[in-house]
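One-letter residues, chain by chain:
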Amino acid sequence: MGNLFTVGLFQQMLRSATPVGLAAMGGLMTEHAGIMNIGMDGMILMGAFTAVSVSWLMGSAWLGLLAAILVGILVGLFFALFVVKFKSDEFIIGTALNILAGGLTVFLLRSLFQVKGTFQGTPDRPVVGLPRVNLGILAKIPVIGPILDGSSVFILLTWLLVLVMWVFVYRTPWGFWIRAAGEKPDTLRTAGINPERMKWLSSVICGGFCGLAGAQLALGNVTLFSEGMSNSRGYVAFACVIFGAANPGKAYLAALMFGFFDALGYRLQDYNINANLTSTIPYVITVVMMVYVVVRSQRRQKQR
């Protein structure tokens, strides 16, 4: 067991949890606004492709990050156009968005870079990754120091963003209006606030966070883009939002749980356990999470 629960396990846990947690911060906004956004997987994928492309072309990870966020915002506007403006079914639009992102990124990868599968830049111009944390003397702090030293800067910034989102959702008028847009839209309209505008805002915020998640996935965890590299993380982020009742802190803890079991799956491969089996562990846990939420909701309804 000592060889299993190592510093590397917890480093991998944070790497796996961070993109999911960032996407969950966006997903809880649309959830509060009364929108079931399952299109986050496509948003993450397009953010990852944009981040790698711009980082490679411009030689700057920060420009890649900014471009990924902007693309995420545009995709969020596209999603809101159909769901909020045209009143389309959010499940269908989200599914279509995921399919579109998968096909479009594959097409662009092969047409722009003439590669299949994975793009890591060229020998003379590599993809520039996001900076790493250098704790210096703080790296000597037991357990925490070795885990955080050398990690992507956005692993630490995500903790700050979770706090910021909690304050925004529960301690600002805008957060109250977004929650009211999902729970009591007619009452909000009576108060002079347009609930549709709040739904647009929540979709934009969700897109921005998903773009950020894609950039962290492609430039923070690794420095490459591969076909389908979101690997259903958008669906997992949605599950984390539901499991955490759209609370930023609880949703991030759910993402950490996913990250732990994802890292555990990688570690178990060192014990000659089939990789196809270990890779399913975090997704099985996600399904168990959703079943628990459904059962808990049904029990509460019976008690009422």
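The structure reproduced in this document is the subject of the present report.

Here is what the cut-offs are and how they apply
- Residues numbered from 1 in each chain as written.
- Predicted model: local features only at pLDDT ≥ 70, side-chain atom pairs only at ≥ 80, totals over all residues.
- Heavy atoms only, no water.
- Helix = DSSP H or I, 4+ residues; strand = E, 2+ residues; numbered from the N terminus.
- Salt bridge = Lys/Arg side-chain N within 4 Å of Asp/Glu carboxyl O.
- Buried < 20%, exposed > 50% of the residue type's maximum accessible area, 1.4 Å probe, protein only.
- Disulfide = S-S within 2.5 Å.

Quick look at unusual backbone geometry
Consideration 1: Its identity as a non-glycine residue notwithstanding, Lys87 has a phi of 60 degrees, on the positive side.
Consideration 2: As for its placement among the helices and strands, Lys87 is situated in the loop between α3 (61-85) and α4 (90-112).
Consideration 3: Positive phi is not limited to glycine here, since Ser232 has a value of about 65 degrees.
Consideration 4: With respect to the secondary-structure elements, Ser232 resides in the loop between β4 (225-226) and α10 (233-243).

Thoughts on the pattern of salt bridges
Consideration 1: The final tally for this structure, using the stated rule, is four salt bridges.
Consideration 2: Between Glu196 and Lys87 there is a salt bridge, with its nearest N and O atoms 3.9 Å apart. Of this pair, Glu196 sits in helix α9 (residues 195-221) while Lys87 sits in the loop between α3 and α4, and the two are 109 residues apart along the sequence.
Consideration 3: Glu196 sits in the partly exposed class, given a relative accessible area of 23%.
Consideration 4: For Arg189, the salt bridge identified is with Asp186, shortest N-O distance 3.4 Å. A residue pair is termed a helical-turn pair when its members lie 3 or 4 positions apart in one helix, as Arg189 and Asp186 do in helix α8 (residues 185-190) at three residues.
Consideration 5: For Asp186, a relative accessible area of 56% puts it in the exposed group.
Consideration 6: What emerges from the salt-bridge pattern is a single network uniting Lys87, Asp186, Arg189 and Glu196.

Examining the state of the cysteines
Consideration 1: Under the definition given, this model contains zero disulfides.
Consideration 2: In this model Cys240 remains outside any disulfide bridge; the closest cysteine sulfur is found in Cys210, 12 Å from its own.

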